[in-house]
Structure formats: structure tokens, C-alpha cells
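# Structure assessment
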Amino acid sequence: MSSNEARAAVEAVWRSESARIVGALARYTGDFPLAEDLAQEALAEAIVSWSVNGIPLEPAGWLLTAGRRRAIDTFRRRSAQDEKYALLARNLVHEEPGVDTLFNPDAIDDDVLALMFISCHPVMSKEARLALTLRVVGGMGSDEIAKAFLVPLPTIQARITRAKKTLAAAHIPFAVPEPHEIPERLGSVLHVVYLIFTEGSFASSGDSWMRTELVGEAQRLARVLVRLAPEPEVYGLLALMELTAARFPARLDPDGNPVLLADQDRRRWDQSAIRRGRAALARAVSAAQGLGTYGLQASIAECHAIARTTEDTDWQRIVVLYEALGRLTRSPVVELNRAVAVAMASGPAAGLKLVDSLAARGELEGSQLLPSVKGEMLTRLGRHAEAEEALKLALGRTTNAAERTALERKIAQLGKK
């Protein structure tokens, strides 16, 4: 096996198992920043070893064993200076043979939850919490996180480094927080789960339009959070995921190319997921505050889920929901989505006016989203030359192969008109 093949195999395992690997090592060592470092060292060792010996039968277990060996070495080096580390080293070495305490099936959910809450600890800035949790829980690369945040790659790398140093200096224990500590940290955790789901739904890079392993992990974490903290916004996020993921069976054609909402075969939508999503949405309404940001997005997704066709969709209600969401978030992406809804409710000219207003303010500069939406609206208006120019700009900005293919197809169709 070549080193490139070994690297691809390691990345695949890390993508699906990173949270459990880091969480298990953190539970084992009691030191989260150290656990993440040990996991990264194990990944580097795996690239070399697997290229020579092939992929082991249990690759995640191999990485955990490698991380444990490195933990033992680390604690032995520290033991001369710190009695606590000496005790940990002895415990690591003298465990009962054949018993793998890293993979304790009863501790898996707690490991991942503890990992999420420590990554979202208020001792760090909000930006650092999000970046670190996406890195160690979502298994996302720094470049993917930068894309999700719409910031330069060095900025994300610096945030992750500072976050780990902050946690190490604060000596934060690795554990699920006490009930009274959960509310102040829940918002950041929900935001992280939302970003993981979003990256899985619309992959920022790579060859695939979606990354189903991230979608599944985000949904799993949301269900765990509902059990841990059954608050309205937790239900709102779960509802949003269920209602959005219900459309996924129709989002790709047989060749793996994206299928836009208007062109999807709605008979393929997952009706069970829609029912689960609507049930969660019903529990997301807070008597005191109404719907929060995730509940509002779930309500928008519900409008799509219950409509028989694009034309039957209640676009006026969606416009109102986006207006309410915009007042809560002040997000240019929300404004852009509202422009799309306005275009569907009142015509493309009305939507294009809003898009041009966003562009004039310099919003979403460098993102493919705005020129892609603008190209669609210009196409509907019959302004094909301008539409082609906008779509070419979007094509130059996208880093996802499937999205590039979709844009190239649209540009080719415009060229025939």
C-alpha cells in the first residue's frame, strides 16, 4: 500500500471515529489537550505503519492502542516530576490483559458529550469553541472549518491552537458538566452540532455533494442532547435535521450529481423522518419565547416537507419566517435565503433587488453562494449573458467537485440559449 493510500485510509477512519478516539483517550488520561495530541501522533504513526503492513482489521482500535502507548510513554517521562502522572502510568501499564477500557460501550455517549462540552467550555471564546469542537468531535479538517466560518485558514489554525492552550492552562476536568452548568454552554454545543450537520449536507470541499457520515453524527449527537437537555431549542435543532435530511434520498441523481429542490422526486422523501421532525418541532415551541433560531429554520423546512410541489409551497410564510430569523441572527446567509423566498413569492426581480443590496454591502464576498443565487434569478428573468457571468464567478469560488459539475451544466445550458 502506498503512503497516499494509507493516508486516505487513516483520514477515513478519523472522519468517522475521531470523537470516540479522542473522547476515550481523554477519559483514559484525564487530559483533553493531551488526548488530542496523542490522537494526532497515532494518526501520523498509522500512515507509516499501514503503508507497510496494510490496514488492520480494527483500524479504530489500532489507533486507540497507539494513542495509549504514547500516553504511557508521556506519563513515564513526566512521572519523575509529578506523582499524579506516575500513578496514571502505573494504571495504564498494569491493566487486566484483554480488557479494553477505552471501548466501554456504556461510556461512549458520555465520552462524546463530555468531549463536546469541554470543547465548548466558556473559558474560551465562542469562535475557539466552535473551531475546536468541529476539529475533535466532527473530525473536520482545518480547511473545511475555515470554509464553514468564511475565514482564512491560518485564522482557524490559530484559534484551535489557542483553544487547546487555554484548556490546558485552566485544567478543565474531562466530564459531562453538572446540570446547573449545562444552560450556559448548551448554545455553543448546539451551534457546533448545527455546523457539523451543515458541512455534511453541503460539503465545502471534496468530490461528494454530501458527507453522510457527518450528517449521521450530527443527528446522533442531537438525539443524545435531547435526552440530556430536553430544551425547546434542542428539539428545534433535531426537528431541523430530521426535516432537512428527509429530502436527502432525492438530492442526488444516479451519477451522484446534485438535484435541486424544484427538480426532486418528492415521492422519494423519507416520510418517517418528516413525521419525526414535525413531532420534534411541536416540542420546540417555548411558551415564554416562541420559536428560537433552530425552531424557525425547522418551520421553514416543514413548509417544504409538506408541500406537494414547489408551486404549492407556502412561500409567503417562508418569507415571514426568514424575516423573523434574520432579526435573531443578523446573518447575510439568512438574508440571501430570504431573497430566494421573495423571488419565489413575488418574482425574480424582487429577489434580485435584495441580492444586489447584499452585494453592494460587500456581504458574502468570496463565497460562491451569492453569485450562484444571482445567476439563477437572472436566468429566470431571461438575462442570460449576465446569468452566465454570475455563474462563472460562482464556479471560480467553489471547491466542491459536485457543485462545480452542477454549475458547469447550468453554464453550458445558458450557452445554448
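Now for a quick tour of the structure.

The rules behind these values
Residues numbered from 1 in each chain as written. Predicted model: local features only at pLDDT ≥ 70, side-chain atom pairs only at ≥ 80, totals over all residues. Heavy atoms only, no water. Buried < 20%, exposed > 50% of the residue type's maximum accessible area, 1.4 Å probe, protein only. Helix = DSSP H or I, 4+ residues; strand = E, 2+ residues; numbered from the N terminus. Polar contact = N/O pair within 3.5 Å; in protein donor to acceptor, adjacent residues only side chain to side chain. Contact = heavy atoms within 4.5 Å. Expected span 1.5 Å × (residues − 1).

Let's shift gears to helix α6 (residues 126-136). With nine of its 11 residues buried, α6 lies for the most part within the structure. For α6, the full list of buried residues reads Ala 128, Arg 129, Leu 130, Ala 131, Leu 132, Thr 133, Leu 134, Arg 135 and Val 136.

Once that is clear, we can look at the side chain of Arg 185. When you line up the elements, Arg 185 lands in helix α9 (residues 182-201). At 2.2 Å, the side chain of Arg 185 forms a polar contact with the backbone oxygen of Phe 117. Non-local contacts of Arg 185, meaning those with residues more than four positions away in its chain, are made with Phe 117, Ile 118, Cys 120, His 121, Pro 122 and Pro 177.

Another aspect to go through is helix α11 (residues 232-245). Given a rise of 1.5 Å per residue, 14 residues ought to cover 20 Å, and the 20 Å separating the end C-alpha atoms of α11 matches this to within 8%. Taking burial as the measure, the 14 residues of α11 include 12 buried ones, the bulk of the element. The complete set of buried residues in α11 reads Val 234, Tyr 235, Gly 236, Leu 237, Leu 238, Ala 239, Leu 240, Met 241, Glu 242, Leu 243, Thr 244 and Ala 245. The inward-facing, buried residues of α11 contact α9, α10 (212-228), α12 (271-282) and α13 (293-306).

Looking now at unusual backbone geometry. Positive phi outside glycine occurs at Arg 330, with the angle close to 55°. Inspection of the secondary structure puts Arg 330 in the loop between α14 (315-329) and α15 (332-346). One non-glycine residue, Leu 364, adopts positive backbone phi at about 60°. Note on placement: Leu 364 falls in the loop between α16 (348-360) and α17 (369-380).

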